[in-house]
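Here's the letter readout for the chains.
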Amino acid sequence: MLKIAVLVSGSGSNLQAIIDNIESGYLNCSIEAVISDKKDAYGIDRAKAKDIKTYILDRKQLGINISSEILKILDGKVDLIVLAGFLSILQGELLHVFKNKIINIHPALIPCFCGGGMYGMKVHEKAIEYGVKVSGCTVHFVDEGTDSGPIIIQKVVDVYSTDTAKDLQLRVLKQEHKALSEAIKYISDGRITIKGRKVLGI
Ligand code: GRF
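Scoring rules and cut-offs
- Residues numbered from 1 in each chain as written.
- Predicted model: local features only at pLDDT ≥ 70, side-chain atom pairs only at ≥ 80, totals over all residues.
- Heavy atoms only, no water.
- Phe/Tyr/Trp six-rings, centres within 6.5 Å; stacked < 30°, edge-to-face > 60°.
- Helix = DSSP H or I, 4+ residues; strand = E, 2+ residues; numbered from the N terminus.
- Buried < 20%, exposed > 50% of the residue type's maximum accessible area, 1.4 Å probe, protein only.
- Lys NZ or Arg CZ within 6 Å of the ring centre and 35° of its normal.
- Contact = heavy atoms within 4.5 Å.

Enquirer: Which residues make up the packing of aromatic side chains, and what are the values?
Expert: Under the counting rule described, the total for this entry stands at one aromatic pair. On the basis of an interplanar angle of 70° and a centroid distance of 6.1 Å, the ring pair of Phe 113 and Tyr 130 is categorised as edge-to-face. Placement of the pair is Phe 113 in the loop between β5 (102-106) and α6 (121-130) and Tyr 130 in helix α6, with a sequence separation of 17 residues. Classification of Phe 113 as buried rests on a relative accessible area of 17%. Given the relative accessible area of 66%, Tyr 130 is considered exposed. Against the face of Tyr 119 rests Lys 122, its NZ or CZ located 5.3 Å from the ring centre. In this structure, Lys 185 packs its charged tip against the face of Tyr 26, placed 5.3 Å from the ring centre.

And the structure:
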(Lines give C-alpha, C1' and ligand atoms only; values in the text may rest on other atoms or scores of the structure.)
Protein backbone atom coordinates (compact mmCIF):
# COMPACT_ATOMS: atom_id res chain seq x y z
CA MET A 1 0.00 0.00 0.00
CA LEU A 2 1.32 3.43 -1.00
CA LYS A 3 1.98 5.68 1.99
CA ILE A 4 1.34 9.33 1.28
CA ALA A 5 1.54 12.71 2.97
CA VAL A 6 -0.81 15.49 1.89
CA LEU A 7 0.28 19.12 2.24
CA VAL A 8 -2.38 21.84 2.38
CA SER A 9 -2.73 25.57 2.97
CA GLY A 10 -6.47 26.11 2.70
CA SER A 11 -9.87 24.47 2.55
CA GLY A 12 -8.49 21.02 1.77
CA SER A 13 -11.22 19.97 -0.66
CA ASN A 14 -8.57 18.13 -2.69
CA LEU A 15 -7.47 16.35 0.50
CA GLN A 16 -11.12 15.44 1.12
CA ALA A 17 -11.41 13.98 -2.39
CA ILE A 18 -8.37 11.77 -1.68
CA ILE A 19 -9.85 10.66 1.66
CA ASP A 20 -13.18 9.85 -0.07
CA ASN A 21 -11.40 7.89 -2.82
CA ILE A 22 -9.49 5.85 -0.23
CA GLU A 23 -12.72 5.11 1.65
CA SER A 24 -14.50 4.07 -1.57
CA GLY A 25 -11.64 1.67 -2.40
CA TYR A 26 -10.59 3.53 -5.58
CA LEU A 27 -7.22 4.38 -4.01
CA ASN A 28 -5.09 1.75 -2.33
CA CYS A 29 -3.07 4.07 -0.11
CA SER A 30 -2.89 5.44 3.40
CA ILE A 31 -2.48 9.06 4.46
CA GLU A 32 0.31 9.01 7.04
CA ALA A 33 0.39 12.76 7.64
CA VAL A 34 -1.29 16.03 6.70
CA ILE A 35 0.93 19.09 6.95
CA SER A 36 -0.28 22.69 6.75
CA ASP A 37 1.77 25.86 6.52
CA LYS A 38 -1.19 27.81 7.94
CA LYS A 39 -2.60 27.10 11.38
CA ASP A 40 -6.21 27.90 10.46
CA ALA A 41 -6.34 25.77 7.28
CA TYR A 42 -9.64 23.88 7.20
CA GLY A 43 -7.74 20.95 5.67
CA ILE A 44 -6.34 20.29 9.17
CA ASP A 45 -9.89 19.90 10.54
CA ARG A 46 -10.74 17.49 7.73
CA ALA A 47 -7.67 15.39 8.61
CA LYS A 48 -8.37 15.43 12.35
CA ALA A 49 -11.95 14.29 11.67
CA LYS A 50 -10.43 11.13 10.16
CA ASP A 51 -7.78 10.68 12.90
CA ILE A 52 -4.96 11.44 10.47
CA LYS A 53 -1.79 12.76 12.09
CA THR A 54 -1.47 16.51 11.49
CA TYR A 55 1.42 18.99 11.64
CA ILE A 56 1.34 22.76 11.44
CA LEU A 57 4.48 24.47 10.20
CA ASP A 58 4.15 28.25 10.36
CA ARG A 59 5.49 29.55 7.05
CA LYS A 60 6.05 33.06 8.41
CA GLN A 61 8.13 31.73 11.30
CA LEU A 62 10.04 29.08 9.33
CA GLY A 63 10.58 30.91 6.04
CA ILE A 64 12.87 28.94 3.74
CA ASN A 65 13.48 26.34 6.48
CA ILE A 66 9.99 24.90 5.94
CA SER A 67 11.36 22.32 3.46
CA SER A 68 13.87 20.92 5.93
CA GLU A 69 11.17 20.71 8.61
CA ILE A 70 8.95 18.76 6.19
CA LEU A 71 11.88 16.45 5.43
CA LYS A 72 12.43 15.82 9.16
CA ILE A 73 8.79 14.77 9.53
CA LEU A 74 8.45 12.67 6.38
CA ASP A 75 11.88 11.15 5.64
CA GLY A 76 11.53 7.36 5.57
CA LYS A 77 7.82 7.55 6.46
CA VAL A 78 6.06 8.05 3.11
CA ASP A 79 6.42 7.02 -0.52
CA LEU A 80 4.77 10.10 -2.03
CA ILE A 81 4.17 13.71 -1.04
CA VAL A 82 1.01 15.26 -2.50
CA LEU A 83 0.81 19.05 -2.63
CA ALA A 84 -2.93 19.74 -2.55
CA GLY A 85 -3.19 23.52 -2.59
CA PHE A 86 0.06 23.96 -0.62
CA LEU A 87 1.40 27.48 -1.09
CA SER A 88 4.97 27.32 0.23
CA ILE A 89 7.67 26.67 -2.35
CA LEU A 90 9.73 23.54 -1.62
CA GLN A 91 13.46 23.47 -2.06
CA GLY A 92 16.80 21.94 -1.08
CA GLU A 93 17.45 18.46 0.27
CA LEU A 94 13.73 17.58 0.40
CA LEU A 95 13.59 17.73 -3.41
CA HIS A 96 16.59 15.37 -3.70
CA VAL A 97 15.39 12.85 -1.14
CA PHE A 98 11.90 12.84 -2.71
CA LYS A 99 12.97 13.20 -6.36
CA ASN A 100 9.99 12.24 -8.58
CA LYS A 101 8.05 11.51 -5.40
CA ILE A 102 6.34 14.86 -4.96
CA ILE A 103 3.31 15.85 -7.03
CA ASN A 104 1.40 19.11 -7.21
CA ILE A 105 -1.99 20.20 -8.53
CA HIS A 106 -2.18 23.52 -10.38
CA PRO A 107 -5.54 25.05 -11.35
CA ALA A 108 -4.64 25.84 -14.99
CA LEU A 109 -3.29 24.12 -18.06
CA ILE A 110 0.48 24.41 -17.57
CA PRO A 111 2.44 26.11 -19.16
CA CYS A 112 -0.33 28.76 -19.12
CA PHE A 113 -1.09 30.89 -16.07
CA CYS A 114 1.53 29.31 -13.86
CA GLY A 115 4.88 30.08 -12.21
CA GLY A 116 5.83 32.53 -9.47
CA GLY A 117 2.90 34.40 -7.92
CA MET A 118 0.26 32.49 -9.92
CA TYR A 119 -1.93 30.82 -7.35
CA GLY A 120 -5.48 30.95 -6.04
CA MET A 121 -8.04 33.19 -7.72
CA LYS A 122 -5.35 35.11 -9.62
CA VAL A 123 -4.91 32.14 -11.98
CA HIS A 124 -8.59 32.21 -12.97
CA GLU A 125 -8.72 36.02 -13.20
CA LYS A 126 -5.79 35.94 -15.65
CA ALA A 127 -7.40 33.16 -17.72
CA ILE A 128 -10.68 35.14 -18.01
CA GLU A 129 -8.83 38.40 -18.75
CA TYR A 130 -6.84 36.69 -21.53
CA GLY A 131 -10.02 35.38 -23.13
CA VAL A 132 -9.08 31.70 -23.29
CA LYS A 133 -11.88 29.33 -24.39
CA VAL A 134 -10.65 26.43 -22.28
CA SER A 135 -8.77 26.14 -19.00
CA GLY A 136 -8.34 23.24 -16.60
CA CYS A 137 -5.95 21.71 -14.14
CA THR A 138 -2.57 20.01 -14.22
CA VAL A 139 -1.00 17.41 -11.95
CA HIS A 140 2.76 17.39 -12.29
CA PHE A 141 5.90 16.19 -10.56
CA VAL A 142 7.67 18.83 -8.51
CA ASP A 143 11.21 19.87 -9.43
CA GLU A 144 13.39 22.85 -8.51
CA GLY A 145 11.27 25.30 -10.53
CA THR A 146 7.74 26.58 -9.93
CA ASP A 147 5.07 24.53 -11.74
CA SER A 148 7.81 23.28 -14.08
CA GLY A 149 8.10 19.51 -13.51
CA PRO A 150 6.92 16.73 -15.87
CA ILE A 151 3.15 16.68 -16.44
CA ILE A 152 1.20 13.59 -15.33
CA ILE A 153 -2.43 14.53 -16.09
CA GLN A 154 -4.34 17.51 -17.42
CA LYS A 155 -8.10 17.96 -17.43
CA VAL A 156 -9.84 20.57 -19.55
CA VAL A 157 -12.94 22.68 -18.86
CA ASP A 158 -14.79 25.16 -21.07
CA VAL A 159 -14.57 28.87 -20.33
CA TYR A 160 -17.72 30.85 -21.14
CA SER A 161 -17.95 34.57 -21.95
CA THR A 162 -20.25 35.06 -18.95
CA ASP A 163 -17.86 33.39 -16.49
CA THR A 164 -16.52 35.15 -13.43
CA ALA A 165 -13.20 33.98 -11.98
CA LYS A 166 -15.21 32.28 -9.22
CA ASP A 167 -17.33 30.36 -11.78
CA LEU A 168 -14.19 29.12 -13.47
CA GLN A 169 -12.51 28.24 -10.17
CA LEU A 170 -15.44 26.04 -9.16
CA ARG A 171 -15.55 24.31 -12.56
CA VAL A 172 -11.81 23.63 -12.46
CA LEU A 173 -11.89 22.49 -8.82
CA LYS A 174 -14.31 19.66 -9.69
CA GLN A 175 -11.77 18.37 -12.20
CA GLU A 176 -8.91 18.80 -9.70
CA HIS A 177 -10.67 16.41 -7.35
CA LYS A 178 -10.64 13.73 -10.08
CA ALA A 179 -7.21 14.46 -11.54
CA LEU A 180 -5.24 14.35 -8.30
CA SER A 181 -6.63 10.95 -7.27
CA GLU A 182 -6.09 9.57 -10.78
CA ALA A 183 -2.45 10.61 -10.65
CA ILE A 184 -2.01 8.98 -7.22
CA LYS A 185 -3.62 5.82 -8.56
CA TYR A 186 -1.27 5.67 -11.57
CA ILE A 187 1.70 6.06 -9.22
CA SER A 188 0.46 3.48 -6.71
CA ASP A 189 -0.21 1.04 -9.56
CA GLY A 190 3.44 1.48 -10.63
CA ARG A 191 2.33 2.47 -14.15
CA ILE A 192 4.35 5.63 -14.54
CA THR A 193 7.85 6.15 -15.92
CA ILE A 194 9.51 9.50 -16.54
CA LYS A 195 11.65 10.12 -19.64
CA GLY A 196 12.99 13.66 -19.67
CA ARG A 197 9.92 15.91 -19.57
CA LYS A 198 7.58 13.10 -20.59
CA VAL A 199 5.52 10.99 -18.22
CA LEU A 200 4.74 7.64 -19.85
CA GLY A 201 2.28 4.88 -18.99
CA ILE A 202 -0.90 6.93 -18.64
C1 GRF B 1 -6.86 24.46 -5.62
O2 GRF B 1 -7.42 25.22 -6.65
C3 GRF B 1 -5.43 24.16 -5.97
O4 GRF B 1 -5.23 23.84 -7.29
C5 GRF B 1 -4.82 25.47 -5.64
O6 GRF B 1 -5.40 25.82 -4.41
C7 GRF B 1 -6.70 25.27 -4.36
C8 GRF B 1 -6.81 24.44 -3.13
O9 GRF B 1 -8.08 23.98 -2.90
N10 GRF B 1 -3.40 25.44 -5.69
P11 GRF B 1 -8.37 23.04 -1.67
O12 GRF B 1 -7.63 23.57 -0.47
O13 GRF B 1 -7.94 21.65 -2.02
O14 GRF B 1 -9.86 23.13 -1.48
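Enquirer: So, helix α1 (residues 13-23): which residues are in play, and what are the values?
Expert: For α1, the set of buried residues is Ser 13, Asn 14, Leu 15, Gln 16, Ala 17, Ile 18 and Ile 19. In this fold, the buried residues of α1 make contact with β1 (2-8), β2 (29-36), α2 (42-49), β4 (80-83), β5 and α7 (165-188). In the segment just after α1, Gly 25 is the residue with positive phi, at about 95°.

As far as function goes, none of this settles anything; it's purely spatial.
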